[in-house]
Amino acid sequence: MPYKILIVDDERMARDGLRMMVNTLKEWVWAGEATNGVTALEKIKLHKPDLILLDIRMPEMDGLSLLGKIREMGLDTLVVFLTGHPDFEYAQKAIRYGAFDYLLKPMRAPDIIEIINKAEIHLDEASHVKQEYEESLRMAKDYERELLERNMREVIYGGTLDELSISNLSMFSDCDRLTVASILLDSNNNSLRGPCENILRNELQMEYASPFLVLQDGLSEWTILLGGRSIRTPSLELNQLFDKIGLELCAAGIVNWRIGIGQKIQFAQASKSYEQSKFAAYFASKDKKIVFYEKLTDMDATLLLIPIDLEYAIIQHVREGNPDEALRIFDKVADHYSKMTIRELEKHAVHFLIQLQNGNERLDDGNMLLNYVVDGDSENISTIIMRLRQVVKDYAERTRSYLNIQMNHVIQRVIRIIHEKYATNLKLGEIAEVLGVNPSYLSTLFKQETGVSFSDYLSRYRIERAKLFLKEANLKIYEVAQRVGYTDGRHFSQLFRRSQGLTPLEYRNRNGIFTEHDELINE
């Protein structure tokens, strides 16, 4: 982008000559001219030039006064003074006022070109420094965001506040209360995930005045952290907030969703609100999509007869495909079932299985589970408990198989992308965006499935490909490096040696390939 230059001089011949000269310069454009400091000030406000060639002695407002005004405006425009007074007093005074340089009149064309070129170099360097600074700020902001998300996850997943520095809580550092909400999208349509998350963020941004954070908690689940203080009330009641979110989701054609909201709780006990929100979401249905944990017992009084937190844990483990843990907890709950009447247990079994099915609609069983558990008057308590246990076991095992297929499918797509595009500047975040998956979630999932991180897998695959290319004698080592995605030959050689225990050249020699064109500097 060309730099803008403004000429301020009360001599017309000087202005005309400078304008003609600027028009011959490739990297500069004419931003106008002025005859005095007053009119120049208006042009400076309008055009914000990069360089001003400024006469030091002018009517109404001289050059030094104008420079002071420029600095008061907060502009870092370069100023070169033009003066017909060949003495150091004016030059020194101009420099003290922040002038970039000065030229003595009468001016010679080579001197003017030289000083404009000098200004251009200075502006190029300043632009580069600014870009690096902005990039460092962006990276710092991204790091702060990642740190906040990691720390907040630790809090809601059961970590204690004592383990964290309060400064690492960023936007939540002024909050002593937290409400956690869970949003579940019951759909296999990957294209709905992005619009759903956008609606969540946009509505919260518009309607919720206190700090909030949206975390992806799975392929089609989000956790919303709503910060607050005990002495403050949100500008919009939570039921109105989530009603609005629900309306926007439906308006966007997203209908298969459920929302559970935990209680507003002390910040240090946020994990409790998180568990409550997950539990409440499982009790949501097509008729009642938004459920507040504190209102659960109003929906079904029989929930008071059993430890609903244990039943939630069963549903959670079934949903995660963990049959052993689901059955271990079920056996604890079975003691409470045995103390109920047959009619109470039949009713509660139906209610429990509805929640189990709501949490696992991807298996699409319809009412088969209900018929399997309760089939008539011949039932007794032991039979109902036994059948209920079998359903939990079967459902957890089927879910585990389903999740393995789904996870393998996602990871296989990532691996396929790596194998196809390993020579490019691959980034996990960009792949996650293509797949519609949260980067942090994908990173964890990739390591769980492959045993190594994404970057380690990519590096290992590149090295394996490099070993094949190194056996082609016509390729130089730096060309091999470029073919597998490394622009720096020396860096490639260091990685290769760290991985294989020998340099690329030594690897070639060991495989009987001797070439004269490999540069040892890359080793």
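Everything here concerns the structure above.
What you see is a predicted model, and the numbers here were worked out from it, not measured in a lab.

Draft legend 1. Local environment of the sheet that holds strand β2 (residues 28-34). Ordered in space as β2-β1-β3-β4-β5, the five strands form an open sheet in which the pairing is parallel. Strand pairing shows two members of the sheet lacking a second neighbour, β2 and β5 (101-104), which therefore form its edges. Taking the axes of each pair of neighbouring strands and ignoring which way they run, one obtains an average angle of 20 degrees across the sheet. Here strand β1 (residues 3-8) pairs with strand β3 (residues 51-55) via four bridges, running parallel. Bridged to V8 within β3 is L54. Its contacts with the sheet place helix α5 (residues 109-156) against β1, β2, β3, β4 (78-83) and β5, and it is angled at close to 170 degrees to β5.

Draft legend 2. Representation of the packing of helix α2 (residues 37-47) against helix α3 (residues 63-72) within the structure. Remark: α2 packs on α3, axes separated minimally by 10 Å, with the N-to-C direction vectors making an angle of 25 degrees. Between α2 and α3, the angle falls in the class roughly parallel. The way α2 lies across α3 gives a crossing that is right-handed. Where α2 approaches α3, its residues G37, A40, L41 and I44 are matched on the opposing element by L66, K69 and I70.

Draft legend 3. Up close: the pattern of salt bridges. Under the criterion given, the structure shown has 16 salt bridges. Among the salt bridges present, the one from K278 reaches E221, with a minimum N-O distance of 2.8 Å. Pair noted here: K278 is in helix α8 (residues 270-282) and E221 is in strand β8 (residues 221-228), with a separation of 57 residues, a long-range link. Side by side, K278 and E221 carry an identical accessibility label, which is buried. Overlapping salt bridges bring together R12, R15, D16, R19 and E33 as one network.

Draft legend 4. Highlighting the layout of surface pockets. Empty space within the second largest pocket amounts to approximately 620 Å³. In terms of lining, the second largest pocket is formed by 21 residues, of which the most central are Y3, D50, L123, S127 and K130. Residue assignment for the lining of the second largest pocket shows that the elements contributing at least two residues are β1 and α5. Counting residues per element, the lining of the second largest pocket draws most heavily on α5, which supplies eight residues. When the residues that make up the lining of the second largest pocket are grouped by side-chain class, the tally is eight nonpolar, five polar and eight charged.

Draft legend 5. Quick peek at helix α16 (residues 439-450). Taking 1.5 Å per residue, twelve residues should reach 16 Å; α16 reaches 16 Å between its end C-alpha atoms and fits that length. Among the residues of α16, L442, L445 and F446 are the ones counted as buried. Along α16, the residues classed as buried sweep out an arc of 105 degrees about the axis, all on the same side. G451 lies just past α16 and shows a positive phi near 85 degrees.

Draft legend 6. Fine view of unusual backbone geometry. The backbone of K48 shows a phi angle near 45 degrees, a positive value even though the residue is not glycine. Tracing the chain through its elements places K48 in the loop between α2 and β3. Look at K48 and you get partly exposed, because its relative accessible area is 48%.

Draft legend 7. Region of the structure containing the environment of V350. Assignment of secondary structure puts V350 in helix α12 (residues 342-358). Overall, the relative accessible area of 30% leaves V350 in the partly exposed class. Separated by 38 residues in the primary sequence, V350 and L388 place their C-alpha atoms 9.8 Å from one another.

Draft legend 8. Main features of helix α1 (residues 12-22). Among all positions in α1, only A14, R15, L18, M21 and V22 are buried. All buried residues of α1 fall inside an arc of 130 degrees around its axis, so they share one side. α1 presents R12, M13 and M20 as exposed residues on the side facing more than 90 degrees away from its buried surface. The inward-facing, buried residues of α1 contact β1, β2, β3, β4 and α5.

Draft legend 9. Looking closely at the nonpolar core. The biggest cluster of nonpolar side chains holds 38 residues, and the ones touching the most others in it are V414, I418, L442, F446, F454 and F492. Within the residue set of this core, elements represented by two or more residues are α14 (381-421), α15 (428-435), α16, α17 (454-470), α18 (477-483), α19 (489-500) and α20 (504-510). Ranked by residue count, the leading element in this core is α17, at eight residues. Listed in part, the 34 residues of the second largest apolar core include L327, Y337, A349 and L353.

Draft legend 10. Molecular detail of the pairing of β2. Note: β1 against β2, five bridges, orientation parallel. Among the inter-strand pairings, V8 is bridged to a residue of β2, identified as A34. For the segment spanning β1, α1 and β2, crossover handedness is right-handed.

Draft legend 11. Quick look at the pairing of β4. With six of its six residues buried, β4 lies for the most part within the structure. With five bridges connecting them, β3 and β4 associate as parallel partners. Within β4, the residue paired with L53 across the bridge is V80. Remark: the β3/α3/β4 crossover connection has right-handed handedness. Where β4 lies against β5, four bridges are found, and the strand directions are parallel. Following the sheet pairing, T83 is matched in β5 by L104.

What counts, and at which threshold
Residues numbered from 1 in each chain as written. Predicted model: local features only at pLDDT ≥ 70, side-chain atom pairs only at ≥ 80, totals over all residues. Heavy atoms only, no water. Pairing = 2+ DSSP bridges. Helix = DSSP H or I, 4+ residues; strand = E, 2+ residues; numbered from the N terminus. Axes fitted to C-alpha atoms, helices over the stretch in contact; angles between N-to-C directions. Contact = heavy atoms within 4.5 Å. Parallel < 35°, antiparallel > 145°, perpendicular 65-115°, else oblique. Left-handed = near helix turned anticlockwise from the far one by under 90°. Salt bridge = Lys/Arg side-chain N within 4 Å of Asp/Glu carboxyl O. Buried < 20%, exposed > 50% of the residue type's maximum accessible area, 1.4 Å probe, protein only. 1 Å grid on protein atoms, 1.4 Å probe; cavity = no way out; pocket = protein on both sides within 12 Å on 5 of 7 lines; lining within 4 Å. Points joined across faces, edges and corners; volume = space filled by probe spheres on them. Nonpolar A, V, L, I, M, F, W, Y, C, P; charged D, E, K, R; others polar. Expected span 1.5 Å × (residues − 1). Arc of directions from axis to C-beta. Core = buried A, V, L, I, M, F, W, Y, C linked by side-chain atoms within 4.5 Å. Right-handed = clockwise from strand over helix to strand, strands pointing away.

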